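An overview of the molecular structure
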Amino acid sequence: MPQVSVTVNGKPQTVQVEGRTLLVELLREKLGLTGTHVGCDTSQCGACVVHVDGRAVKSCTMLALQADGAKVTTIEGLAAADGTLHPMQEMFREHHALQCGFCTPGMVMAAIDLVNTHPEGLTEEQIRHGLEGNLCRCTGYHNIVKAIAAAWPLMHGKSLPAAAE
Amino acid sequence: MAPPFEGIGAAVRRKEDQRFISGRGTYTDDINRPGQLYAFIRRSDRPHAKFPAVDTGAAMELPGVVAIYTAADLANIGGLPCGWQIHNKDGSPMAEPKHPVLAEGVVRHVGDPIAVVIAETRQQAKDAAEKLDIAFTDLPSVATVSDAVKPGAPLVHDSVPGNVCYDWHIGDKAAVDAAFAGAAHRVRLDLTNNRLIPNAMEPRAAIGDYDRATGDYTLYTTSQNPHVIRLLMGAFVLSLPEHKLRVVAPDVGGGFGSKIYHYAEEAIVTWAAGKLARPVKWTAERNESFMSDAHGRDHVSTAELALDKDGKFLALRVHTLANMGAYLSTFSTAVPTYLYATLLAGVYTTPVIYAEVKAMFTNTVPVDAYRGAGRPEATFLLERLVEVAARDTGMDRVELRRRNLIPRNAFPYQTPVALQYDSGDYQATLDTALKHADWAGFEARRQAAAAKGKLRGIGLSTYLEACGIAPSAVVGSLGARAALYEVANVRVHPTGSVSVFTGTHSHGQGHETTFAQLVSDQLGVPLASVDVVHGDTAKIPFGMGTYGSRSLAVGGSAMVKAMDKIIAKGKKIAAHLMEADVHDIEFKDGKFTVAGTDKSKTIGEIALTAYVPHNYPIEELEPGLEETAFYDPKNFTFPGGCHVCEVEIDRDTGVVRVVNFTAVDDVGRVINPMIVEGQVQGGVAQGIGQALLENAAYDADGNLLSGSFMDYTMPRADDLPNFHVATENTMCTHNPLGVKGCGEVGAIGSPPAVINAVVDALRDYGVRQIDMPATAAKIWAIINAGPHHRKPAE
Ligand code: FES
Ligand code: FES
């Protein structure tokens, strides 16, 4: 069986996988990182989003072997070593942006990438558009949008520019 | 500094979120048992076909395959039971054909399970299942109720003539016919309530485990009601007594009804685990969710309203065909009857109502309760009919509704269709909704939109919901085969922290917080000292689970009863310790005080005394501080309210955008307003989804066309607006908390508000009715159907 070496949440790992093993299967089944979820079989729900070399990736659309040499961050690796939550996690709780919690790991990982890639600011419309790849059946998204807008200033260390209407 | 207020009414942040936001929830598929095998289910890809015994020989030879089972192996296993027996008009019981765990020579819907392959890995099981050669012979099939009811239609079950499960009715037909005969106005509307697929984000999963030492079985499953599964599967399917079967429903990723029912896969993995003496895990792929989770809605109805010359409703007559799918799912039969037709009075004083409902078998996935269950169908029918009545009679649609509202001083109010509403104020929810939505200012917004080339419309809907399910004796007399009380066990530990065990189940509703707030408030202990435990039959005394917006109204009331017992016992202990008369002991804010003195004991001190009874009235009182209560509600609870929707339609594309949505709901007392708002927002999103996007599409033969997220349009963030949510509360009069329930109101009130707004936006196009979902294609066709009229073409 081929093997893959990845650094997951800061920890180097070398694992034997079948050629067809998906990154999400590697994380959930081989490494026991069950925070990353599987909600579909057509790459449409975003429950499986993790960061690969800093960018959001649907881990159900990537073979484990394709991640060879990459740095992967999952929801379990977001908080600081002392347990301090990432501001996005904190804002999800503060704004009641989760109910059953199943979409939440993917949603949080996708949201962090969205904020990171928009240092110039984010409008509500951009946030909603940016979440196109993530389904939530519980919240109606209202509070997720609020949480992301609230996390932006915390992540960029300045207040969110007023939306240019 | 005073501690922050965490009791009833506080928007406390959720306790369960810590594990969910850090990826440490434990959902069923996250659990792995030592030595675990994997099951993959081979399902029918035909709507209706027969097949001979499956030859499993070749597949058994494939790598990793441990066992393959078909119906032939399950000879001693019962069918999946239906929990509610409906009777026909003539008093005879409904048709109840067997729902086998694995198909017995005939498949009746796409997704019907035929065989299970069990292997060392998930992939091996799947590979082998796909290799099974099944020699189908197709049979004639039928997908819609309209086709199934036709004379000579293909029969789904040979034993069920005409495909009719039951032909049921409620109300006074003669009185309704008489009222229609004398009415000044008669309005009629044909309408469908589109079939939906629940699509909780967590696919269903189940793990069966068997303990060779004790012979005990454990089932881990994605369920809203583990005790109900233990009862149904143990007693009816596998013949396992309760003490040998434990059912665990750990963190569950959304349910919306679809995880109430007892499914074949639960029985398969439990049985197979015993047979193989190894744990067996099954996890649905999303395509399996589409073809095996119970679907929702799917009604075809004719509705007629009789009005007098001033617009007072005189009578309502309804005829509905309800799709049951191929087999009866656990609660399917109750949905189009007691959860639907009994709701047809809505918030109105309509004096006589008659409804007849024919439930039909078709070659489709079984249909059962989905968020709202029957009540959205009733609300959609009624609020579309009232809207059309206003239009047909030329009356103002708000005024027409107002004229027929049940007045606030008319409670308790007996409807002509069995229910007695205990409280409500429908004028208040209507007024507040119109005010928050700026109904009066709409015309200016319409003109502004028109100037940009957009068609803007506004619509409203009132609704009434019956939930807090349910008084056991009442539902028993209506055909329910189970009781519907709820159970709570409150355990005050020796040092004063509290564990609460509830028979309800949380799969997104935030019970671990709301119930902790309730206990913290009543016992005066800090929120952090209260843990809520649910979802495990080995820990919880008993319970009926979570659905029908019942958890707080029924489960919370059970908790209050248990706490009352704790407090009563605590008073006796306190009286002994402080040498006072028990009648002089008062309990408040966690302290037992001798009235009129400063002598007091905290609940922690009382708990310690109860567990270390050195100085204790041991002759009269047992040690310990733990109480259990069963609470059976006296009536349903009756939330009600008004939703207002504003849409803009792009003339060129037909795309409908919801630009404003206002929901004002009466949910009774609110424990945590943040959670209530979240529940309403989520419900409204599903309602807008039903109205504009979602449709479980079958072709005429029963092939599922919308079998993935690529074909079934789930609401996404950019399909929805921000919601304006408010409450206007009257208290439930018959439960100790005054609570009514908030889980379903959003999905009940919203669909007709959306469609009423869409029809309003198309006022210049002569549209009277649009069936859900109002997709861009449908709207575009209406806009482009002919010359653009300035006035409706009548
Ligand atoms: S699991 Fe749905 S997109 Fe990856
Ligand atoms: S919180 Fe349940 S799916 Fe998003």
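Residues numbered from 1 in each chain as written. Chains lettered and ligands numbered in written order. Predicted model: local features only at pLDDT ≥ 70, side-chain atom pairs only at ≥ 80, totals over all residues. Heavy atoms only, no water.

Overview of the overall build of chain B
Helix and strand content of chain B: 19 helices and 28 strands. Taken over C-alpha atoms, the radius of gyration comes to 28 Å for chain B, in line with the 28 Å a tight globule of 794 residues would show. With respect to the three principal axes, the spread of C-alpha positions in chain B is 90 × 75 × 55 Å. Counting only contacts in chain B whose residues sit at least 6 apart along the sequence, the fraction spanning at least 24 positions is 80%. Carbon and sulfur atoms form 52% of the exposed surface of chain B, whose accessible area is close to 26,900 Å². (Helix = DSSP H or I, 4+ residues; strand = E, 2+ residues; numbered from the N terminus. Rg over C-alpha atoms; globule rule 2.2 N^0.38 Å. Contact = heavy atoms within 4.5 Å. Areas by Shrake-Rupley, 256 points an atom, 1.4 Å probe, with all protein chains shown as cover.)

Notes on the overall build of chain A
A tally of regular secondary structure across chain A gives 5 helices and 5 strands. Going from N to C terminus, chain A has its helices and strands arranged as β-β-α-β-β-β-α-α-α-α. Here chain A holds 165 residues, and 53% of them are scored as buried. For chain A, the exposed surface amounts to about 6,500 Å²; the carbon and sulfur share of it is 50%. In chain A, which carries 12 positive and 16 negative side-chain charges, the distance between the mean positions of the two groups comes to 3 Å. (Buried < 20%, exposed > 50% of the residue type's maximum accessible area, 1.4 Å probe, protein only. Lys, Arg positive; Asp, Glu negative; His and termini not counted. Charge placed at Lys NZ, Arg CZ, Asp CG, Glu CD.)

Some points on the domain arrangement of chain A
Residues and elements named next belong to chain A. Along its sequence, chain A is organised into domain 1 (3-77) and domain 2 (87-164). Look at where the C-alpha atoms of domain 1 and domain 2 centre, and you get two points 22 Å apart. Taken residue by residue, the interface counts 18 residues in domain 1 and 15 residues in domain 2. Carbon and sulfur atoms supply 61% of the area buried between domain 1 and domain 2, which totals about 1,200 Å² over both sides. It is His 37, His 51 and Ile 75 that lose the most area in domain 1 upon contact with domain 2, and together they represent 39% of the buried surface on that side. (Domains from an automatic or database assignment. Buried area = accessible area lost by both parts, 1.4 Å probe.)

Quick notes on the sheet that holds strand β3 (residues 65-70) of chain B
Residues and elements named next belong to chain B. If you trace the 7 strands from one edge of the open sheet to the other, you get β3-β5-β1-β12-β9-β10-β11, paired in mixed fashion. In the strand order of this sheet, the two ends are held by β3 and β11 (245-248), each with one partner. Geometrically, the sheet is characterised by an average inter-axis angle of 20° between neighbouring strands, direction not taken into account. Bridge count for strand β9 (residues 205-211) against strand β12 (residues 280-283) is 4 bridges, and the pairing is antiparallel. Of the residues in β12, the one forming a bridge with Ala 205 is Thr 283. In the packing of helix α3 (residues 122-131) onto the sheet, the strands contacted are β1 (37-43), β3, β5 (113-119) and β12, and the crossing angle to β1 comes to about 25°. The strands that helix α7 (residues 264-276) touches are β1, β3, β5, β9, β10 (216-221), β11 and β12; relative to β9, the one it contacts most, it runs at about 25°. (Pairing = 2+ DSSP bridges. Axes fitted to C-alpha atoms, helices over the stretch in contact; angles between N-to-C directions.)

A few points about the interface of chain A and chain B
Facing the 44 residues of chain A at the interface are 54 residues of chain B. At the boundary of chain A with chain B, total buried surface from both sides reaches about 4,200 Å², with 51% on carbon and sulfur atoms. At the boundary of chain A with chain B, the tally comes to 6 salt bridges. Connecting chain A to chain B are 33 residue pairs in polar contact (both at pLDDT 80 or more). (Salt bridge = Lys/Arg side-chain N within 4 Å of Asp/Glu carboxyl O. Polar contact = N/O pair within 3.5 Å; in protein donor to acceptor, adjacent residues only side chain to side chain.)

Concerning the environment of Asn 199 of chain B
By the element assignment, Asn 199 of chain B lies in the loop between β8 (185-193) and β9. Ignoring any residue separated from it by four or fewer positions in sequence, one finds Asn 199 of chain B in contact with Arg 137 of chain A together with Arg 286, Phe 290, Phe 709, Tyr 712 and Met 714 of chain B. A distance of 3.0 Å separates the side chain of Asn 199 of chain B from the side chain of Arg 286 of chain B, its partner in a polar contact.

Some details on helix α2 (residues 87-94) of chain A
For α2 of chain A, the set of buried residues is Met 88, Gln 89, Met 91, Phe 92 and Arg 93 of chain A. Elements that come into contact with the buried residues of α2 of chain A comprise α3 (104-116) and α5 (142-156) of chain A together with α1 (17-21) of chain B. Looking one or two residues beyond α2 of chain A, the residue adopting positive phi is His 96 of chain A, at roughly 50°.

Description of a nonpolar patch on the surface
All names here are of chain B. A cluster of nonpolar residues, Leu 608, Tyr 611 and Val 612, forms a patch on the protein surface that exposes about 230 Å² of accessible area. Topologically, Val 612 is positioned in the loop between α16 (603-611) and β25 (626-631). Its relative accessible area of 38% is what places Val 612 among the partly exposed residues. (Patch = residues over 30% accessible without salt bridge, like charges linked within 9 Å, V, L, I, M, F, W, Y side chains within 5 Å.)

Remarks on the domain arrangement of chain B
Residues and elements named next belong to chain B. Once the domains are mapped, chain B shows domain 1 (31-78 + 100-130 + 199-292), domain 2 (299-469 + 635-784) and domain 3 (485-631). Placing the centre of domain 1 and that of domain 2 at their C-alpha centroids yields a distance of 37 Å. On the domain 2 side, the residues contacting the 23 residues of domain 1 number 25 residues. Buried surface at the junction of domain 1 and domain 2, both sides included, amounts to about 1,800 Å², of which 66% is carbon and sulfur. Contact with domain 2 buries area across many residues of domain 1, yet Phe 256, Tyr 261 and Phe 290 alone supply 36% of it, more than any other trio. Remark: the boundary between domain 1 and domain 2 carries 0 salt bridges. With 5 residues, the top contributor of residues to the side of domain 1 that touches domain 2 is helix α8 (residues 286-292). Here the residues of the side of domain 1 that touches domain 2 are counted per class, giving 11 nonpolar, 8 polar and 4 charged. (Nonpolar A, V, L, I, M, F, W, Y, C, P; charged D, E, K, R; others polar.)

Structural notes on the environment of Val 116 of chain B
All names here are of chain B. Relative to the helices and strands, Val 116 resides in strand β5. Here Val 116 falls in the buried class, since its relative accessible area comes to 1%. Along the chain, Val 116 and Glu 265 lie 149 residues apart, while their C-alpha atoms are 9.2 Å from each other. Ignoring anything within four residues of it in the chain, the contact list for Val 116 reads Ala 39, Phe 40, Ile 41, Ala 67, Ile 68, Tyr 69, Leu 102 and Ile 268.

Here's the deal with the confidence of the model for chain B
Residue and element names in this part refer to chain B. Mean pLDDT over chain B stands at 96; residues scoring 70 or higher make up 99%. Segment residues 789-794: pLDDT under 50, and 9 contacts once partners within four positions in sequence are set aside and those in other chains are kept. Scored as a complex, the prediction yields pTM 0.96 and ipTM 0.97. (pLDDT = per-residue confidence, 0-100.)

Here's the deal with the nonpolar core
Looking at soluble globular proteins, one finds that nonpolar side chains tend to be buried together. Counting 197 residues, the largest nonpolar core has Phe 92 and Ile 148 of chain A together with Tyr 421, Leu 692, Val 758 and Leu 762 of chain B as the members making the most contacts within it. Contacts of Tyr 421 of chain B, omitting those with residues within four sequence positions, involve Ala 345, Gly 346, Ile 406, Phe 411, Pro 412, Tyr 413, Thr 415, Tyr 426, Leu 464 and Phe 638 of chain B. Ala 488, Phe 515, Ala 516 and Leu 625 of chain B belong to the second largest nonpolar core, which has 46 residues in total. (Core = buried A, V, L, I, M, F, W, Y, C linked by side-chain atoms within 4.5 Å.)

Comments concerning the sheet that holds strand β1 (residues 3-8) of chain A
Residues and elements named next belong to chain A. The mixed open sheet is built from 5 strands, whose spatial order is β2-β1-β5-β3-β4. Each edge of the sheet is formed by a strand with only one pairing partner; in this case those strands are β2 (11-16) and β4 (55-58). In this sheet, neighbouring strand axes are inclined to one another by 40° on average, regardless of whether the strands run parallel or antiparallel. In terms of strand pairing, strand β3 (residues 49-52) meets strand β5 (residues 71-73) through 2 bridges, oriented antiparallel. Of the residues in β5, the one forming a bridge with Val 52 is Val 72. Relative to the sheet, α3 contacts β3, β4 and β5, its axis offset from that of β3 by approximately 40°.

Some remarks on unusual backbone geometry
Residue and element names in this part refer to chain B. The omega torsion of the bond from Phe 411 to Pro 412 falls at -5°, within 30 degrees of zero and hence cis. Positive phi, close to 50°, is recorded for Asp 589, a residue that is not glycine. Given the relative accessible area of 64%, Asp 589 is considered exposed.

Regarding the pattern of salt bridges
For the structure on display, the rule yields 59 salt bridges over all chains. When the shortest N-O distance is used, the salt bridge between Arg 55 of chain A and Asp 113 of chain A registers 2.9 Å. With Arg 55 of chain A in strand β4 and Asp 113 of chain A in helix α3, this residue pair connects regions lying 58 residues apart in the sequence. In this structure, Arg 445 of chain B and Glu 646 of chain B form a salt bridge, with 2.7 Å as the shortest nitrogen-oxygen distance.

Description of the environment of Phe 501 of chain B
All names here are of chain B. In this fold, Phe 501 is placed in strand β20 (residues 498-502). Judged by relative accessible area, which is 7%, Phe 501 ranks as buried. Each C-alpha atom of the pair Phe 501 and Val 101 lies 32 Å from the other, and the pair is 400 residues apart in sequence. In contact with Phe 501, not counting residues within four places along its chain, are Val 487, Ala 488, Asn 489, Arg 491, Val 533, Lys 539, Ile 540 and Pro 541.

What about the packing of α2 of chain A against α3 of chain A?
Residue and element names in this part refer to chain A. Contact geometry for α2 and α3: axes closest at 10 Å, N-to-C directions at 120°. One way to sum up the angle between α2 and α3 is to call them oblique. The element α2 and its partner α3 pack so that their crossing is right-handed. On α3, the residues that touch Met 88, Gln 89 and Phe 92 of α2 are Thr 104, Met 107, Val 108, Ala 111, Ile 112 and Val 115. When the residues that make up the contact of α2 with α3 are grouped by side-chain class, the tally is 7 nonpolar, 2 polar and no charged. (Parallel < 35°, antiparallel > 145°, perpendicular 65-115°, else oblique. Left-handed = near helix turned anticlockwise from the far one by under 90°.)

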